Structure formats: C-alpha cells, structure tokens
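# Observations on the three-dimensional arrangement
Here is how the chains run, residue by residue.
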Amino acid sequence: MIKLNSVGIKNISFYHYSLFLNHLTDNAEIFNDSIKEIIIAGNAPNGIFYGVQTLIQLLNNNSVRGVFILDYPDNKMRGVYEGYKIRFEWNGSAYEFTQEQKDYIDWLASLKFNTVFTVENGIFFKNESQWRDAYEEFFEYSRERFIEPVPRLCSISSVAPFSFEFYEGWFVENESFIFNESFALPEKPFINLLPNGDFEIDSDEDGIPDNWTVTSKPGAIWKIDNDSYSGNHSMKLEVPEPTQNSTSSYLRIEIDGIEPDSYYCLLSKAKAKNITNVRPQLTIYTKNTSGEVGVVQSDITWSTNGWIDFGCCIKTPSDTEKIVIYSRIQFPGKGEFWVDNVRLYRVNGALMNVIRASDTDIKVIDAVNKKIYVEGIDYEILNGTTSIKFSDSLTPFRIRRLPLGNISPGEEVMVSYDTYLFYRATSYWSSAPCVAREEFYTEYIYPAIDKIVYYLHPKIINADADEIRGFYRDSRMMRKFNSNAEAIAYWANRTNNYLTSKDPQCRLWIWDDMVSPYHNGGVEDYQVRYGGLPGRMAEATENEWIDKSIIMDIWWYSDIWLSQMYASSKFFREKGYDIAGSPWYEIENIESWSEILSAFQNSLGGVVTNWGDIPYEEHFSKFVDDFWNVKNNLVYFDSFEEDENNDEIPDNWFKYGNPEYSTDDSEFYGKRYADYPNCAVRVDGSNIFYSNYIPVEECKNYTISAFIRRNDSSSEKPSFKICWYDAYKNYLCEEEEAIENVSNEYGNYEVYISSPRNANYLRIYLKGEENGTESFWFDVIRLKMKKEVFSHEYSLQKGWNLITLPIKTGYNASLLYKDIRKCLIILKWNSSKQNFELYVPSSPYDFEIENGHGYLIAVENNTKFTLTGISVGNVSIPLYIGWNMLGWFKENEITASSIYENITGCQIVLKWNNSKDDFDLYVPGLSDFIIKRGDGFLVAVSEESIWHGEG
Ligand SMILES: [Ca+2]
Ligand SMILES: [Ca+2]
Ligand SMILES: [Ca+2]
Ligand SMILES: [Ca+2]
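None of these values were measured; they are calculated from a predicted model.

## Notes on the sheet that holds strand E42 (residues 799-803)
Strand pairing in a sheet takes place through backbone hydrogen bonds and is either antiparallel or parallel in direction. On the basis of which strands lie adjacent, the open sheet formed by four strands has the order E42-E45-E43-E44 and antiparallel pairing. The open sheet has two free edges, formed respectively by E42 and strand E44 (835-839), since each of these has just one partner strand. Neighbour-to-neighbour, the strand axes of this sheet turn through a mean angle of 25 degrees, independent of strand direction. Bridge count between E42 and strand E45 (residues 855-859): five bridges; the pairing is antiparallel. Within E45, the position partnered with Ile803 by the bridge is Tyr855.

## Structural notes on the domain arrangement of the chain
Entries for the chain in the domain assignment read domain 1 (1-72), domain 2 (77-161 + 434-635), domain 3 (169-190 + 350-427), domain 4 (213-346), domain 5 (637-786) and domain 6 (789-947). Here the C-alpha centre of domain 6 lies 73 Å away from the C-alpha centre of domain 3.

## Examining the packing of helix H8 (residues 562-575) against helix H9 (residues 587-598)
Between H8 and H9, the shortest axis-to-axis distance is 10 Å and the interhelical angle comes to 30 degrees. On the basis of their axis angle, the class for H8 and H9 is roughly parallel. Between H8 and H9 the crossing geometry is right-handed. When H8 is examined against H9, the residues Leu562, Met565, Tyr566 and Ser569 are found in contact with a partner set consisting of Asn589, Ser592, Trp593, Ile596 and Leu597.

## Description of the sheet that holds strand E20 (residues 363-366)
One open sheet holds the four strands; their spatial order is E9-E8-E23-E20, and the pairing between them is antiparallel. Strands at the two margins of the open sheet, each flanked by one partner only, are strand E9 (184-186) and E20. Pairs of neighbouring strands in the sheet enclose a mean axial angle of 40 degrees, with direction left out of account. Pairing of E20 with strand E23 (residues 412-419) involves four bridges; the strand directions are antiparallel. Bridging across to E23, Val364 finds its partner in Val415.

## Remarks on a nonpolar patch on the surface
A surface patch of nonpolar side chains, about 230 Å² in accessible area, is lined by Ile48, Val52 and Ile56. Note that Ile56 resides in helix H1 (residues 45-58).

## Considerations on the coordination of the calcium ion (ligand 4)
Summarising the metal site, the calcium ion (ligand 4) is bound by the protein donors Asp643 (OD), Asn645 (OD1), Asp647 (OD) and Ile649 (O), whose distances to it range over 2.2 to 2.3 Å. One chain supplies every donor to the calcium ion (ligand 4), and in sequence these donors are spaced D-x1-N-x1-D-x1-I. A relative accessible area of 51% places Asn645 in the exposed class.

## Notes on the nonpolar core
Counting residues in each nonpolar core, the largest one holds 128 residues, and the members touching the most others are Phe471, Ile488, Trp491 and Phe620. With eleven residues, helix H4 (residues 438-456) is the largest single contributor of residues to this core.

About the thresholds
- Residues numbered from 1 in each chain as written.
- Chains lettered and ligands numbered in written order.
- Predicted model: local features only at pLDDT ≥ 70, side-chain atom pairs only at ≥ 80, totals over all residues.
- Heavy atoms only, no water.
- Pairing = 2+ DSSP bridges.
- Helix = DSSP H or I, 4+ residues; strand = E, 2+ residues; numbered from the N terminus.
- Axes fitted to C-alpha atoms, helices over the stretch in contact; angles between N-to-C directions.
- Domains from an automatic or database assignment.
- Parallel < 35°, antiparallel > 145°, perpendicular 65-115°, else oblique.
- Left-handed = near helix turned anticlockwise from the far one by under 90°.
- Contact = heavy atoms within 4.5 Å.
- Patch = residues over 30% accessible without salt bridge, like charges linked within 9 Å, V, L, I, M, F, W, Y side chains within 5 Å.
- Areas by Shrake-Rupley, 256 points an atom, 1.4 Å probe, with all protein chains shown as cover.
- Salt bridge = Lys/Arg side-chain N within 4 Å of Asp/Glu carboxyl O.
- Donors = N, O, S within 2.8 Å, 3.2 Å for Na, K, Ca; no water.
- Buried < 20%, exposed > 50% of the residue type's maximum accessible area, 1.4 Å probe, protein only.
- Core = buried A, V, L, I, M, F, W, Y, C linked by side-chain atoms within 4.5 Å.

Structural data, given as structure tokens:
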C-alpha cells in the first residue's frame, strides 16, 4: 500500500475512493495476461477520472506495482489564472479555441487541475457571434476533463473595453475662464511650463542643457546626445553595467510657482535599449512650502522599439509649491535611456479630453452670482477630440458665448468638467470605468452576465478589481458615493445581485487586494497617487458592506509577505468570506500558501497565476501536488504583530527577563504593507519569550519553524525549547533543539519534534544559548503537523450505533449507507431545529456527513467498517441551546466529565450504549465514562458557543 506521503513518489495523488485493488502482482505487465484486475472506483465521475490519471502516472515501462490507494484532494479548488495560454485566436470574424489550447487543457487535466480562469477583458461585451463558439467549445472540452472554466466578466482596473463616457475622469472644479467676444479663455492657460525640455540649448557648452541639473556618476553618465526625437538633441543616460552610483545619477529640474489642487501632466518622448533588472524612470513629485514631498508618480519602461510617449499626470496637494522632475535608472538596472521633448502642463484650463454624457458635462456658472448658465441658451460647446490616451495634441473643447444669452463679453465664469487623464503614459488604460454610471450596468455588465449565464452556465464568474489605479475621483463618483470603499462595495454587490438573480448557484469571484486591510485596501492614500481621494478601501469588508457570497482570492506572491498572507486569510474567514489563495513566481510561496490555507476551515483552495516569466511546468506540478495533498497542516502561526495592551509582549506570549519587542523596519522578517505593523522579537540566553499553551495531538510529528537571524557575530546557537503538557496542562516533559548555522540575515529554520503520549498542549520558548550573551531575532513562528494516513475500524453492533468519522471523507449519507454493509438507517441531529433528519435509500433527503458531528447508524447485523485517510484536524461547530450531537475525532481518549467541563454551559453528556439499547448519562455526581475516537455523543447546552473539539 502506498501512503500518500511516500518518499520518492512525486505527484501521485488521487481522488477519494479511487481504488486500485491489490490484485496486481509486483511488476506485472499491464498489457499482458498476468494482470488479474484493476479496479478504479470513485464516489463521483471525477474520482474515476483522477484514478485513471493516477494509473497513467504509476505506469512505468508498461508495468505497475500492485497497490491499493485511497485518496482525495485536500482542496476543492485547484485552479490556474491563465494570463497567457488561454487567450483565444481571432480568425477574422470570430475567436477560435485552438488545438494548442486543447493540448494545454489536457495537460492541466493530467495534473488534476479542476478550474481555469480566463483573462480576456470585455470579450462578453461583444456580440456573441464573435465568442460563443470558441467559449462553448472551451467549456465543453474542459468540463469533459473535469475542469471548470471561469470566465472574466471584466476587470474594473482597466478601462479598455468601454466607450469613452464610461471612463472615470478627473474632476476639474470651478476653473476660472474669461469670455472674450466669442470664447471662454482660461485664466491659467494650458501652456508648457518647462524651459529647454527639448535639450537644444547649452549656452556654456558644458554638456549640461540650460535650466537642467545633471549629477552624472562614474558608470552612470548623462550627456547630450544627437539621437533626438525633436530638434537635434536629447538627453541620454548610459549605465553599461549595474552600479550603485546609478541611483544617484540624475537629470533633474525644479519648477516653482505651482498651483495647488490642480492636475499637472508631464509628457515626453523616451527610448530605451538593453534595459535589464530595473527600468529607467521619469518621475514627477510635488514639494510643499516646508520642502516636504507630496505626491510622487513615475513612468517606467523596458527596452523600446523607437521613441514612445512617456510621462505622468498628478493632482497637486493643497500645500504644493513646487514640482520636481527627474530621471534615472536605479541600481541594479542597466542599459541606455534617452529622453526628449519634455513638457509640463497645468491641465485644468485645457478643456481637453472632456467626458460629455448624460451624467456629466461641462458646467458653466457666473463667477460672481453663481448663476448656472444653460447650454443652448447662454453658450454652446464646440467639441474637441477625445482619446483613451491623453496628449497635448488633442483638439480642445471650446465654450462659445451665444449672443442672445446671459453671458457678457469680458465676463468671468467658473467651468467644471470631468477630463480623462492617465497616471502613467505607458499604462494609459489602467484606471477604473465609472462604476457610478447607471449605463455601466445596464449596457455592459447586465447584458454580459445574461449572455455568459445563458450560453456557458459557469459556476463562478471572475470580476476582478485588483490594483485599481484611479478610482473615486470624477464628479459622478463623488456625487453618488461617500467614499471609495462605498463605491467598490456598490459595484461588487450590484454585479453579484444581478448575477445571482440570473443564476442563484453562480458565484462572483474577485481578487482581494483592494478590499483587504493587509493589502492595497489598507493604504489610506492609495488613490491619491492616481488623482483620486484618500480613504481605505478595506472599509468595504471591515464594515461588511460587500456581500459575503463573493469569493475573495488572496494574492501574495512571495514568502516575504507571510505575515500578511496569514493575517488576510484570518481576516476574511472571520468576516465570513470564502477564500482562496494565489501564489506566483516564487516556488516556496506555493507550499506556504497550501499550508496557510489548511489552517482555515472551508478555504476553497488555490489559484496559481500564470503571468509569464515562470517555469510554469515545474510550478504548476508543484502547485497541484501541494494543494491536492497538503504535506503539513498549519496548526499555529504567529508573527508578533498583535500587542493589544501595548506592554511590548505580543499577545499570547510571555517573558522571562527583558527580551525586546520591536516594530522597527530593520528588525522584522519580510515586508510591511500599508499600515500593517510588522514586528519581531529579540531574545538571548536569559531574556526569553515563550508562548501560551498551543493545542496539539499526542504521538504526532510536528515541525516548528521560525525566521531567525543573529544580532552579533559570535558562535552561540539559538534554540527552540518545547515543553509538553497533558489535557489538564500538567507538565509532562521538555526538549531543547539548538539551531545550527544561523547567520546575520534572516533565514527559515525548522526543527522536527514528536508529541509524547498524552500530550495535549505545548509551549514554545524562543531563546539564545543557555548562559550565553548573544541575542537573536525571531519572527514568523509556524507549528505544522505532518499529515499522516491512518485507518479507523468500527465494529458496528446490530441496532443503533452513535459514531463520528474522524477521517476526512467527503461522504454524504447515501454514500456512507452504501459503504456500510447491512446499513438500515442514518440519522443526523439538526441542532438548529432540534430534530432528526433521516436517510434511507428511498428517502428524497441526502445530507453531508460532517467532521465533528455524531450520526446514529442502524445496522441489521453486527458488521465491521473501516475508513482510511487523513485525520480531521480542526472543526468549528456552532452549538445551539438544547441538544447537539457531536463526535470525538482526536486520537486521545477522554471522559464525559472533561467534555462537560470544557463545553460552555454544558448540562448533560450522553453516549449511546448499544448493549443497553439506551444512553449512558453524565452529570457531575454520576459515574464518568470514556469517549474514544470515532464515538459520537450528545451534549445539552444552556448557551450558544462554537465547539472546536474541546474536551
Ligand atoms: Ca530635442
Ligand atoms: Ca550647460
Ligand atoms: Ca512579524
Ligand atoms: Ca501584550
């Protein structure tokens, strides 16, 4: 029999009840007559499909060893977010699902992926004749291979598929214009504010253009170059090899007299060659009267084919005095970079790229009396040109005075309008559509949902909203919503409500970052860099505005974010959202995600992302292997961020002596994001932090790990000391594991320990060497239990038996009924209704057999029944006032009295006694009885609580 974690067998994993009965002889030729029998059985068609995939993996030179395997996936969802491979080909009139894509789906299926997300943004806004055949074929082909496709409705972090009036603009409010005889002219006109941005003038011929500052450093030289976009010169930066110097080798200019609360656009032409590691940047930032930096924005590029548009738009804060513009290639970047024709404009008076629609238009008011002038009576608009990409060559809109109207020549008016700019010329499409616009739903979202549901019947629709760079800034948004959190919740709920009205089974899925307090949603000023207003978007989930049926996919692409990965998962689960986790790029991160998600009940699984630049064959195999069969269940995680009472002892930790607790940036492991307070602890031989009691199971293999670095440079060794305790927290024994080869840089160090018999708790001591003086930093403590397979045998007695399943099975009542010989009836206690639900084969009611619940099974005769698999780790079962039927799933035996004592408000404990045909009853004063793994029991409670397996 192969155990799931057998060493040396990689990537073998099975759906539950995929059985190969051991009728094969060792090394039997599979295609000759020596084979006796191969049985692949499953509780569902996909189980059999995965059993066949397993058989194919097991085949070795047409032979296979005799095996018996029982398996199932640990995670329901094993998905891939396909940024590359599943983009349909356009054949001139419609999209096509190609053979190459079919082969790719085949490959995903062989790895046992079961979900594939597509990324085409806005395809469902097009006529279905363009996409229907390709998508239907893709859905059918994938589903035949038990892969569920997830179509993307659209991403609201990109405006690409919408017509112009659907873009969220930048609101220009009350800009002063003065009428001449005919036209309104801006008081502050749209003119280039930069002197010598063409780099044509160098009066003293010292190689530095007039008005500009150059700080060339050895190995990173700025010079005037003859390769120009306009005129005869440009500025060129040469960094032949990475050098620390390049970070401070600038081309720079500072402009005074900048208006606050205004939009400024920096435009230029740029060209880049042989760029590696870090992209050249052109940066604009504001300075206030005290010289402090306000808003910063940069454009960046890899190597280009010729000259490209390059630049940024910003909104100046209310205390702005200056703008600084600079360009460089930061270390360790290298390459050649040219910039030319640099221009800086204040945009408000331009009346360019104006959004004119039913819900926003140019407004003109009398500057003195605030009287609103009326288009068609007082003035008319001569339309300019619009573009998704703002440029100074667009034709401006013009406001012309109507002679019979109320505006006089020479009159000052205030003009308000929404204009569409970009934050970065190379990402001009990266901005949200206007989710306040009614037609966004009625003309785009609803018809697309109608078509997707009608033709494709997906189980999940992806409407991602990641990294929104430009939100809550145009007049329509500010009129409709009080905050950007309210706006994103409105979009999510409105989309979700419509979807569920069309198909109640279909669920909306979004990336979590904009609504996570531990990611972009936790950044107060996130939108300010993109012309928007401040405000943490995570309020949308903190205040539970976003519907709980929307799936949150948490993405962090590196283990430097371990603290945030855990904190985000905990946050969303506690709020009641279903979660999935997404790795990319870093292979260690895949395993970390699989383990972190194992700590949370009902996480849906993982979605590995393909954004290119990864050896995806290797990564995807690793991903499916880890998510099908999580190697270690995470049972405890702490990275020291919580210190509710501010006593510099992290929550759930204690100290001896005077160890240090630090929130300093240089001390902790990994990175901090938003306002997330990353913290770490420093200990030595006598100043020690130790944990609270952490629940464990007896006789199990555990790994304790931490990121550790030494503070000085002696040869002392830090250690984990582990103390074991029984169910009553009586000390049992201890061990100390010294950690070798700790360096001055953080590294992850692991020790392996086994819990002794009767162990119910451990405490972890973080310390330096005994009697030593050197101190060590610790961060990110993880306690993992190695997952091991065991068998549990039931001897069911004729009549009633009250049991629980201590093994993860995925059974429902009908399957359990089939697997227990001579089974007559299965009864489930519904504690919320305080009555029984019954399953017999003729019954129309089937129900899930849940971990930690007890079930009454009636059998016709004495019978044995064996389960093999992975033990149930943790449960959280709501206890209702009255009776609750639970089951003991842990390895250690306990007593009815300890159940009584450990469940809040417990009044009675009952255990079924088959030989008496009656219950044994425990209340204090009556004789106690033993409850073993696999036994069900009943408790009556007087108050509601959640049972996690206490006893
Ligand atoms: Ca030039
Ligand atoms: Ca000069
Ligand atoms: Ca930390
Ligand atoms: Ca504390």
